[in-house]
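# A structural walkthrough
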Amino acid sequence: MLGTGLAATLAGCGGGGSRTDAGVSAEPPGSPALDAAGTWPSRRYDATNAAVADGTGLPDIETYWILDAGDVPVVADGALYNWQTDASRTALTRRESGTAAAVERVSLGDVDTNGPPTVAAGGVYGTDAERAYRVDVAGDAIRWRGPEMSGIEVSPTVADGVVYVRTGGDENTDAHLRALDAETGATRWRHGTRGEASSPVAVADDTVSLTDRDGLHALDTRNGETRWHRPLSDVGGSTPVVSNETVFVVDDAAGLVAVDARTGEERWRALGDTAIAGTPVVADDAVHVGGDPLVSLDPSDGRVATEFEAAGRPVGRRGGTLYAVDRDTLRAFDVADGRQRWWYGTGSANVGDTVVRGIDGVTPVDGAVYVSAADGLHGIGRPQS
């Protein structure tokens, strides 16, 4: 899909911004190396789906490299982990965090993986359309492949030694959520659901939060039994986010709804007349909600506290920096006042006769941000000069 044989170039992206049309290097390592630190072990950082981590965001950036180096990465143990498909065979690849040079590959065979992997408790977990699996970090080998459950569409959620995998089912499999033992892959329990399973669950305080066609559900992590159910009309594809004993979920008919995580009672709803983009990023001091413009809400009552300078879909927050995607552009905002620090535009790629653009995922750590886009995996960091 990507161009090959071209040297990666450096493109300055200062306080205003820049669009890079730099070439793609076919083989890592990228040079110069990023000075990256910190972790981001799953797409939404942890099992709460809040997508918030302590640390320091980048006040200004420079492109270090653009590589043909697989899909959206996660970061743990000083390394990048991502899926890469070559000749129809997919491998879990462990890479150096500074250069994205491949250190180890574990082949999964001819499968299509769902989203980025999740690193937790000494393992790397993922799913394809029919099963879950664990690859050991230390041994670089597949420990187990989960039971067949056709219709899996999203990455697993891993918390407290349990891997949560949901399926929308097919003619032979009912839609359900299954809890697997992280060490062995054995099924602990299963819970029937309704509708497609296109969003992951959230786990916090011994409770699994799950959306389906019937609304928002809270399940006991020990046995999958229902603790409460909040009927909502249009949350089937919405990813629940848990923070400070509150579950936040986007209802396409009602806006952003905040629900007490212990009782299921509704606390507030906001932005009911607004087109909300993506899943909120939720911190102790603000709920960042995508749209035009992107806004921050007061977590206690849903009041709009800050309007940002541009549109975007929030994807993660590191310290006081919020990262948001607007089509093929990554934007960084100061959460204190909503001002844009910088923007970074990605390039295009040819798929047959079609030119495609867009950003698949963003992984922010201290000192670096990894951007998986149509034209390759971008490593951006602090300006060198």
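Description of the structure in this document.

Rules used throughout
- Residues numbered from 1 in each chain as written.
- Predicted model: local features only at pLDDT ≥ 70, side-chain atom pairs only at ≥ 80, totals over all residues.
- Heavy atoms only, no water.
- Helix = DSSP H or I, 4+ residues; strand = E, 2+ residues; numbered from the N terminus.
- Rg over C-alpha atoms; globule rule 2.2 N^0.38 Å.
- Buried < 20%, exposed > 50% of the residue type's maximum accessible area, 1.4 Å probe, protein only.
- Contact = heavy atoms within 4.5 Å.
- Areas by Shrake-Rupley, 256 points an atom, 1.4 Å probe, with all protein chains shown as cover.
- Lys, Arg positive; Asp, Glu negative; His and termini not counted.
- Charge placed at Lys NZ, Arg CZ, Asp CG, Glu CD.
- Pairing = 2+ DSSP bridges.
- Core = buried A, V, L, I, M, F, W, Y, C linked by side-chain atoms within 4.5 Å.
- Axes fitted to C-alpha atoms, helices over the stretch in contact; angles between N-to-C directions.

## Some thoughts on the overall build of the protein
Along the backbone of the protein there are zero helices and 37 strands. Against the globule reference of 21 Å for 385 residues, the protein gives a C-alpha radius of gyration of 20 Å, in line with a compact fold. Projecting the C-alpha coordinates of the protein onto the three principal axes gives extents of approximately 55 × 45 × 40 Å. Across the 385 residues that make up the protein, the buried fraction comes to 58%. Pairs at least 24 residues apart make up 51% of the contacts formed inside the protein by residues separated by at least 6 positions. By element, 42% of the accessible surface of the protein is carried by carbon and sulfur atoms, the whole surface being about 15100 Å². Across the protein, the 33 positively charged side chains and the 57 negatively charged ones have centroids separated by 2 Å.

## Comments concerning the pairing of strand 29 (residues 313-318)
With five of its six residues buried, strand 29 lies for the most part within the structure. The pairing of strand 3 (residues 52-53) with strand 29 spans two bridges and is classified as parallel. Paired with V52 across the bridge in strand 29 is R317. In terms of strand pairing, strand 29 meets strand 30 (residues 321-326) through five bridges, oriented antiparallel. Note on strand 30: the bridge partner recorded for P314 is A324. Between strand 29 and strand 30, which pair antiparallel one after the other, the connecting turn spans two residues, and G319 there sits at a positive phi close to 60°.

## Remarks on the pairing of strand 7 (residues 89-96)
In the case of a regular strand, side chains alternate between the two sheet surfaces. One ladder, built from eight bridges, connects strand 6 (residues 79-86) with strand 7; its direction is antiparallel. Counted as the bridge partner of Y81 is R94 from strand 7. Between strand 6 and strand 7, which pair antiparallel one after the other, the connecting turn spans two residues, and A87 there sits at a positive phi close to 50°. Pairing of strand 7 with strand 8 (residues 102-109), which is carried by six bridges, proceeds in the antiparallel orientation. The residue bridging L92 from the neighbouring strand is V106, located in strand 8. Two successive antiparallel strands, strand 7 and strand 8, enclose a turn made up of five residues, where A100 displays a positive phi of approximately 65°.

## Quick word on the nonpolar core
L34, W65, L294, L322, F333, V365 and Y370 are the most contacted members of the largest nonpolar core, which has 23 residues in total. Within the residue set of this core, elements represented by two or more residues are strand 4 (61-67), strand 30 and strand 36 (368-373). Here the element with the most residues in this core is strand 4; it accounts for three residues. Setting aside its immediate chain neighbours within four residues, L322 contacts V281, H288, L294, F308, P314, G316, R317, R331, A332, F333 and V335. Formed by 16 residues, the second largest nonpolar core is a distinct cluster that contains L330, V362, V371 and I380.

## What to know about the sheet that holds strand 18 (residues 207-212)
The four strands lie next to each other as 17-18-19-20, forming an open sheet whose pairing is antiparallel. Every interior strand has two partners, whereas the edge strands, strand 17 (202-204) and strand 20 (226-230), have only one. Taken over all neighbouring pairs, the strand axes of this sheet differ in orientation by 20° on average, direction set aside. Both strand 17 and strand 18 contribute to a ladder of three bridges, which runs antiparallel.

## Description of the sheet that holds strand 14 (residues 162-167)
Pairing is antiparallel in the open sheet, where four strands are placed in the order 13-14-15-16. Lying at the two open borders of the sheet, with one neighbouring strand each, are strand 13 (157-159) and strand 16 (187-192). The average angle at which neighbouring strand axes cross in this sheet is 20°, direction not considered. Pairing geometry for strand 15 (residues 176-181) and strand 16, over five bridges, is antiparallel. Within strand 16, the position partnered with R178 by the bridge is R190.

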